[in-house]
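Structure assessment
Read off the chains here:
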Amino acid sequence: MSTAEESYDIRSGLTDHAPDKDPEETSEWIESFDSLVDIAGTERAEYIMRQLLQRAGTKSVAVPMVTTTDYVNTIPADQEPEYPGDEELERRYRNYLRWNAAAIVQRAQRDGVGVGGHISSYAGQATLYEVGLNHFFRGQDHPGGGDQIFFQGHSSPGNYARAFLEGRLSEEELDGFRQEKSQAPNGLPSYPHPKMLDNFWQFPTVSMGLGPLNAIHQAQFNRYIHDRGIKDTSDQHVWAFLGDGEMDEPESRGALHIAANNKLDNVTFVINCNLQRLDGPVRGNGKIVQELEASFRGAGWNVIKVLWGREWDPLLETDDTGELVRIMNETPDGDYQTYKAEDGGFVREHFFGRSSTTKELVADMSDEEIWGLKRGGHDYKKVYAAYKAATEYKGKPTVILAHTIKGYGLGTTFEGRNATHQMKELTIDEIKLFRDRHRIPVTDEEIEKDQYAMPYYHPGQDAPEIKYLQERRQKLGGYVPERRKKYHPLPLPPESTYKHARKGSGKQQIATTMAFVRLLRDLMRDKNIGKRIVPIIPDEARTFGMDSFFPTAKIYNPRGQNYMSVDRDLFLSYKESQEGQLWHVGINEAGATSALTAAGTSYSTHGEIMIPIYVFYSMFGFQRTGDSFWAAADQLTRGFVIGATAGRTTLAGEGTQHMDGHSPILAGTNPGVKHYDPAFSYEIAHIMRNGLYEMYGEHDLGDHVRNVMYYITVYNEPITHQPEPEDIDIDGLLRGIYRYSKSDIGGPKANLFGSGVSLPWVIEAAEILANDWGVSADVWSVTSWNELRRDAVAAERERITNPDNEPRVPYITQVMSKTEGPVVATTDFATLLPDQIRQYVPNEFATLGADDFGFSDTRAAARRHFKIDTHSVVVRALQMLEKSGEIDEGTAATAFAQYGLDDVNRGTTGIAGGDS
């Protein structure tokens, strides 16, 4: 297959398969068009072409959709605006930035440290950043509110290098790169981590694919709070810097339609197309730029390609035959990468030499001049034109595809090499060449002194270029990136808001999901925080009983509801509104988690507290989108995460991929998440009230406490919710465990632990033990296994770090040290969940759990199969008492046979039905 044939799918190819029946007439049309361009310019020619295409449609003339254009710049040279900046001053400190960014990584490789870093990433996209930072990216003091910038993770040394020139970071701090603890308080995190540098970074982006996903939902959130009257965000823009290899992640392209459908012209993607992944070419045999152009155009985005620097303009203008554009179209990415790893002579022979016409085009150019033909992403004039066009385009989101070189300016051993991503240091000779190319006033002696002491360079705050840099940022509203914590606190709801939840459900049976939804309804009615609540649902509002919100709160849609709902005659019909409160993202848990992050960090990004409450199928939370929850914690997100339809046996009939028996365990690995597993509505009330206070209330507990997410698992099995006991131990409930009931019948003692849906099982088990076997069993509600574990681990850490102090006893140990008898713990989760606290409980401890795959069956049968049901608790308690000699030998075996514990059809724990 020829190169031209192979490249068909990466260029437009509009006429490749259509016969030309009258070449002479075709030539006349082309000459006429060329004349139009020459006389009236490209802008007028573009208008005429659009009119002709529109006319063709009305005449039913088939015109194929153009998903890819030729491999040239989208904005013609004659339509480029004048560059408003001082090119010389900007060039100077752009060189300083590249130098200092490399020095940061080089110095981090010194003996005894060797923590690495990425030299090449920032070098390749410095121009993309600097054009924005000098002319577009608005800080938070801008009258319009400031932009939100998602910087690429691996280029963080460049951000630190700029902060150094701005006077925001010192040399000591730069030397603490990737040494956050050993160089504290001067340590800097490797990547954009707000958690680790909370006055600097706004958005964590280094987990590939999450940046583009989060950026789209950040832009959507900006519109959401604007449309709901919370804040005017009409002048704020979201910029996301992404890698072309990163765009292969499903999350990177998974939400493109959301931005297009909602006309989010407040977001711009800048894709750094250096044609390289981490270890090789993105598309060696293809053209990633063309592929991305087709993908984004098809998704409804405005696409701007910035492929060639200004040095190419005369060549393209002289290219009357189209041969140069043909070669540009047909050259695969692997070759483009190779060209920039060679020299001008190699490019003359292997690129221009592929046609006598193009060879003649550069006949008068030296090899050095050919080598100086820049890629568009390194030409600040071309980049400026693209950014200006993007910010002025209305009705669609914009993507800028910028052709760059990875390792640009670092020399031939770095530029465009497959291994450049992992190259972490320069040799002495490479440092000297780098210095000469960027005109850094550093002597050979300084460089030769120590390869790993490559000196930082700062010309001083009074230097003209630094004054200019500072003036540009002042005019644009302050430094970027910068994270702030200023916001207006909210008065929290009064105690009366929780009174219905604390009364229980009376004679009615409802699921904990419905109990939560009823409380949420009461919270949304609160005059202070009600409008600040952001209910987020992937696509299960009716499943969770939240359709009751449709008539009043309505579903947010920036375009309103322009159709007649099929269920319009129902009281709970589907209602969308531009002012709607419910954020309904569709069947898209990853998108919903991004929405949670955007809303849950609004206190910082916008200075406005919003309270996200994300309700989802429990199985599809920390298992499916755990990476996003980790990024949310990194971004210091606050809010409530509600794992509805939880449990391995509670979601009756659904089967393996719906049955959640492990999400609390996964959530427990995230330091930014506090998991609770409430059984009754009053427990939910206390947990929600405490969460609102901890995350949003006025107290001096510190940001390390505020910046958490409350993960609450709720179930879809209807139960009778008991009223709150008069002597309820609220402190114990919030810390993770309290005694629900105490038995005083005498006889052997036992302790039964339950959480969530399993608490009613152990309540019943205690009754059976008392009535059938004379065993006095206390019932304990474990509201948070994870928090009990964390407290215990913290106590152990305190012991080793403070050896002279009296050891603190873990809370669970304190509580259980006052009790007698063994403990039997049962949950609707894997045994690993209760087993977390086993070593801290002084009593004999047994765990019953659902440790295998879930399956479709009745709740009673499934629980009997897993041996987690009421009668399994009874038998296990009897076994432990028998072992300790508290009851007669053989009692447990008698109970086993009596209850038919080996027969799943004799299970009685759980009722049928129940949707929420």
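Nothing here was measured: the structure is a model prediction, and the numbers come from that model. (Residues numbered from 1 in each chain as written. Predicted model: local features only at pLDDT ≥ 70, side-chain atom pairs only at ≥ 80, totals over all residues. Heavy atoms only, no water.)

**What about the nonpolar core?**
If you look at the biggest cluster of nonpolar residues, it comprises 113 residues, and the most contacted ones within it are Phe516, Ile613, Phe640 and Phe753. In this structure isoleucine 613 touches Phe516, Leu520, Ile533, Val534, Pro535, Ile536, Phe640, Ile642 and Met688, once residues within four positions along its chain are discounted. Within the second largest apolar cluster, 66 residues are counted, among which are Tyr93, Ala108, Phe434 and Met454. (Core = buried A, V, L, I, M, F, W, Y, C linked by side-chain atoms within 4.5 Å. Buried < 20%, exposed > 50% of the residue type's maximum accessible area, 1.4 Å probe, protein only. Contact = heavy atoms within 4.5 Å.)

**Focus: the pattern of salt bridges**
Side chains that differ in sign of charge can pair as their charged atoms come close. The final tally for this structure, using the stated rule, is 52 salt bridges. What emerges from the salt-bridge pattern is a single network uniting Asp248, Arg253, Arg277, Arg283 and Glu291. (Salt bridge = Lys/Arg side-chain N within 4 Å of Asp/Glu carboxyl O.)

**Let's talk about the sheet that holds strand 18 (residues 776-782)**
On the basis of which strands lie adjacent, the open sheet formed by 5 strands has the order 16-18-17-19-20 and mixed pairing. The two strands at the open ends of the sheet, each matched to only one other strand, are strand 16 (737-741) and strand 20 (845-848). Going across the sheet, the axis of each strand differs from the next one's by a mean of 25 degrees, ignoring polarity. With 4 bridges connecting them, strand 19 (residues 823-826) and strand 20 associate as parallel partners. Note on strand 20: the bridge partner recorded for valine 823 is phenylalanine 845. Together, strand 16, strand 17 (749-754), strand 18 and strand 19 form the strand contacts of helix 31 (residues 759-773), whose direction differs from that of strand 18 by roughly 175 degrees. (Pairing = 2+ DSSP bridges. Helix = DSSP H or I, 4+ residues; strand = E, 2+ residues; numbered from the N terminus. Axes fitted to C-alpha atoms, helices over the stretch in contact; angles between N-to-C directions.)

**Here's the deal with the packing of aromatic side chains**
Going through the model one piece at a time under the given rule, you end up with 59 aromatic pairs. Both rings, one in tyrosine 224 and one in tyrosine 556, keep their centres 5.1 Å apart while their planes meet at 85 degrees; by these two values the pair is edge-to-face. Residue tyrosine 224 is found in helix 8 (residues 210-227), and its partner tyrosine 556 is found in strand 8 (residues 555-556); the two are separated by 332 residues along the sequence. Given the relative accessible area of 5%, tyrosine 556 is considered buried. A centroid spacing of 4.5 Å and a plane angle of 35 degrees characterise the contact between tyrosine 614 and phenylalanine 616, whose relative ring orientation is tilted. Per residue, the accessibility class of tyrosine 614 equals that of phenylalanine 616, and both read buried. Ring pairs connect the aromatic residues Tyr83, Tyr122, Tyr129, Phe136, Phe137, Phe151, Trp239, Phe241, Tyr380, Tyr384 and Tyr387, which therefore count as one cluster. If you follow arginine 624 out to its NZ or CZ, it ends over the ring of phenylalanine 620, 4.3 Å from the centre. Positioned above the aromatic ring of tyrosine 603 is the side chain of arginine 638, whose terminal nitrogen or guanidinium carbon lies 3.8 Å from the ring centre. (Phe/Tyr/Trp six-rings, centres within 6.5 Å; stacked < 30°, edge-to-face > 60°. Lys NZ or Arg CZ within 6 Å of the ring centre and 35° of its normal.)

**Focus: the side chain of aspartate 828**
Checked against the element boundaries, aspartate 828 lands in the loop between strand 19 and helix 34 (832-835). The buried charged residue aspartate 828 lacks any salt bridge partner; its closest oppositely charged side chain belongs to arginine 863, at an N-O distance of 4.3 Å. One polar contact links aspartate 828 to threonine 649, side chain to side chain, over a distance of 2.7 Å. The residues touching aspartate 828, leaving out its near neighbours within four places in the chain, are Gly647, Arg648, Thr649, Thr650, Asp660, Gly661, Val757, Trp761, Arg863 and Ile868. (Lys, Arg positive; Asp, Glu negative; His and termini not counted. Polar contact = N/O pair within 3.5 Å; in protein donor to acceptor, adjacent residues only side chain to side chain.)

**Remarks on the pairing of strand 5 (residues 398-403)**
The buried fraction of strand 5 amounts to 6 of the 6 residues, a majority that puts the element mostly inside the structure. Burial of strand 5 is two-sided: the residues Thr398, Ile400 and Ala402 facing one way and the residues Val399, Leu401 and His403 facing the other way are all buried. Bridge count between strand 3 (residues 267-273) and strand 5: 6 bridges; the pairing is parallel. Looking at strand 5, one finds that threonine 268 is bridged to threonine 398. The sheet contact formed by strand 4 (residues 302-306) and strand 5 spans 5 bridges and is parallel. Its bridge partner being in strand 5, valine 303 is matched across the sheet by valine 399.

**So, the packing of helix 5 (residues 120-135) against helix 6 (residues 156-165)**
A pair of packed helices is captured by two measures, namely the crossing angle of their axes and the spacing between those axes. Two numbers describe how helix 5 lies on helix 6: the axes approach to 10 Å, and their chain directions differ by 50 degrees. When the axes of helix 5 and helix 6 are compared, the pair comes out oblique. You can see that helix 5 and helix 6 cross each other, and the crossing is right-handed. Contacts between helix 5 and helix 6 involve Tyr122, Tyr129, Glu130, Leu133 and Asn134 from the former and Gly158, Asn159 and Arg162 from the latter. Of the residues that constitute the contact of helix 5 with helix 6, the class distribution is 3 nonpolar, 3 polar and 2 charged. (Parallel < 35°, antiparallel > 145°, perpendicular 65-115°, else oblique. Left-handed = near helix turned anticlockwise from the far one by under 90°. Nonpolar A, V, L, I, M, F, W, Y, C, P; charged D, E, K, R; others polar.)

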